[in-house]
Number of protein chains: 2
Amino acid sequence: MSVRHPEVTTTCDEVRDLLERLGDRWSIYVLYEVADAPRRFRGLQRAIPGISQRMLTLTLRRLEEQGLITRTVYATIPPQVEYEMSDLGRSLGTAVLGLVTWLRENGEPLERARERFARAHGG
Amino acid sequence: MSVRHPEVTTTCDEVRDLLERLGDRWSIYVLYEVADAPRRFRGLQRAIPGISQRMLTLTLRRLEEQGLITRTVYATIPPQVEYEMSDLGRSLGTAVLGLVTWLRENGEPLERARERFARAHGG
DNA sequence: CAGGATCCAAGAAGATACTG
DNA sequence: CAGTATCTTCTTGGATCCTG
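Residues numbered from 1 in each chain as written. Chains lettered and ligands numbered in written order. Predicted model: local features only at pLDDT ≥ 70, side-chain atom pairs only at ≥ 80, totals over all residues. Heavy atoms only, no water.

S.K.: Provide a residue-level description of the pairing of strand β3 (residues 80-85) of chain B, including the pertinent values.
M.R.: Remark: a regular strand shows side chains that alternate across the two faces of the sheet. All names here are of chain B. In terms of strand pairing, strand β1 (residues 39-40) meets β3 through two bridges, oriented antiparallel. Each residue of the ladder has a partner; that of R39, found in β3, is Y83. One ladder, built from six bridges, connects strand β2 (residues 69-74) with β3; its direction is antiparallel. The residue of β3 that forms the bridge with I69 is M85. Between β2 and β3, which pair antiparallel and follow one another directly, the connecting turn spans five residues. (Pairing = 2+ DSSP bridges. Helix = DSSP H or I, 4+ residues; strand = E, 2+ residues; numbered from the N terminus.)

S.K.: Pulling in residues and values, what's your account of the side chain of E64(B)?
M.R.: Checked against the element boundaries, E64(B) lands in helix α4 (residues 53-65). In this structure E64(B) is buried but unpaired, with R61(B) as the nearest side chain of opposite charge at 4.3 Å. Not counting residues within four places of it along the chain, the set of residues in contact with E64(B) comprises F117(A), H121(A), I69(B) and R71(B). (Buried < 20%, exposed > 50% of the residue type's maximum accessible area, 1.4 Å probe, protein only. Lys, Arg positive; Asp, Glu negative; His and termini not counted. Salt bridge = Lys/Arg side-chain N within 4 Å of Asp/Glu carboxyl O. Contact = heavy atoms within 4.5 Å.)

S.K.: If you had to explain the interface of chain B and chain A to someone new, which residues and values would you point to?
M.R.: With 41 residues of chain B in contact, the opposing surface of chain A contributes 42 residues. When the area that chain B buries against chain A is broken down by residue, the three leading residues are R16(B), L99(B) and W102(B), summing to 16%. Linking chain B with chain A are two salt bridges, by the criterion used here. Among the ionic pairs, D17(A) bridges to R114(B), the shortest N-O distance being 3.7 Å. The interface formed by chain B and chain A contains ten residue pairs in polar contact (both at pLDDT 80 or more). Put simply, the parts of the chain that give the side of chain B that touches chain A at least two residues each are α1 (11-22), α2 (27-34), α4 and α5 (87-120) of chain B. Ranked by residue count, the leading element in the side of chain B that touches chain A is α5(B), at 17 residues. A breakdown of the residues in the side of chain B that touches chain A according to their chemical character gives 21 nonpolar, seven polar and 13 charged. (Buried area = accessible area lost by both parts, 1.4 Å probe. Polar contact = N/O pair within 3.5 Å; in protein donor to acceptor, adjacent residues only side chain to side chain. Nonpolar A, V, L, I, M, F, W, Y, C, P; charged D, E, K, R; others polar.)

S.K.: Pulling in residues and values, what's your account of the relation of the copies chain B and chain A?
M.R.: Each of the two chain copies can be brought onto the other by rotation about an axis and movement along it. After a rotation of 180 degrees and a shift along the axis of 0.0 Å, chain B superposes on chain A with an RMSD of 0.1 Å. Expressed as an axis order, the relation between the two copies is that of a two-fold axis. When each C-alpha of chain B is compared by its distance to the rotation axis, G23(B) comes out closest, at 2.7 Å. A high fraction, 100%, of the interface residues of chain B reappear at the interface in chain A, so the copies pair face to face through one surface. (Least-squares fit on C-alpha atoms with pLDDT ≥ 70 in both.)

S.K.: Account for empty space enclosed by the protein, naming residues and giving values.
M.R.: In the structure shown here, the tally under the stated rule is two cavities of 30 Å³ or more. The space that makes up the largest cavity amounts to roughly 100 Å³. Every residue lining the largest cavity is counted, twelve residues in all, and those nearest its centre are R21(A), L22(A), L63(A), Q66(A) and L68(A). Of all elements in the fold, only α1 (11-22) and α4 (53-65) of chain A together with α5 of chain B reach the threshold of two or more residues within the lining of the largest cavity. Of the residues that constitute the lining of the largest cavity, the class distribution is seven nonpolar, two polar and three charged. Computed from the structure, the second largest cavity encloses a volume of approximately 30 Å³. Around the second largest cavity, the lining residues are T11(A), E14(A), V100(B), L103(B) and R104(B). Residue assignment for the lining of the second largest cavity shows that the elements contributing at least two residues are α1 of chain A together with α5 of chain B. Element by element, the count of residues in the lining of the second largest cavity is highest for α5(B), at three residues. Counted by class, the lining of the second largest cavity contains two nonpolar, one polar and two charged residues. (1 Å grid on protein atoms, 1.4 Å probe; cavity = no way out; pocket = protein on both sides within 12 Å on 5 of 7 lines; lining within 4 Å. Points joined across faces, edges and corners; volume = space filled by probe spheres on them.)

Next up, the structure:
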């Protein structure tokens, strides 16, 4: 996740930091799965095809670190841990909806740009 | 930039694809620099501390591929190439402003979450 | 069940030298 | 000036084994 410079953080840096965190391999999928109801580790792994145990753990920790999800441990046997989206996470979800809207409205020009580029260069 | 599956692309996949592209090391900085006026290669490299020639080239190509910036070559001596933000890029910029707003409004809770996490674990 | 620890492979990024 | 080519380094992520 690279080095950060809290002392000289500009808006650009902050945005990049956020985009970098959300744009990693699995965060969005985990956030999506956790959005509606509390979820457990196994359930998440089954719901997200291809994610490894390690990456699920890492992704959950990072999201928890940012306060986007909460982690609740129940001292039962067998152990039970629930992950749930926090209010902060939900508000971020709303903000991200702006990007979803943009994608819906611009999927077409985006696709044409890619095709044009592919034709122009050795695509 | 990983494998993509055009056939089974869900909304989640598309959003991740976008976040992944914007969340890389340099894209945001380049977009920021190019936002106001046409810029040239050298100028961009001087304006973005730490970026290498190679990464500037790669980042510019990727942004051009997505149609977010345009590239114009003037057949002069010495050669002159101008990079400029496209309408598509500008509209995306507007969408990203939603995230900037979210950051401004939630920078505080975000910071507290990180500190709490650091204290709870071996920070 | 919910992970922690370790090892390894692939891709991203940096450094450097060279060119039309 | 605006790159390309090549080599090396660093970072992510996957596979596997182990534990409370």
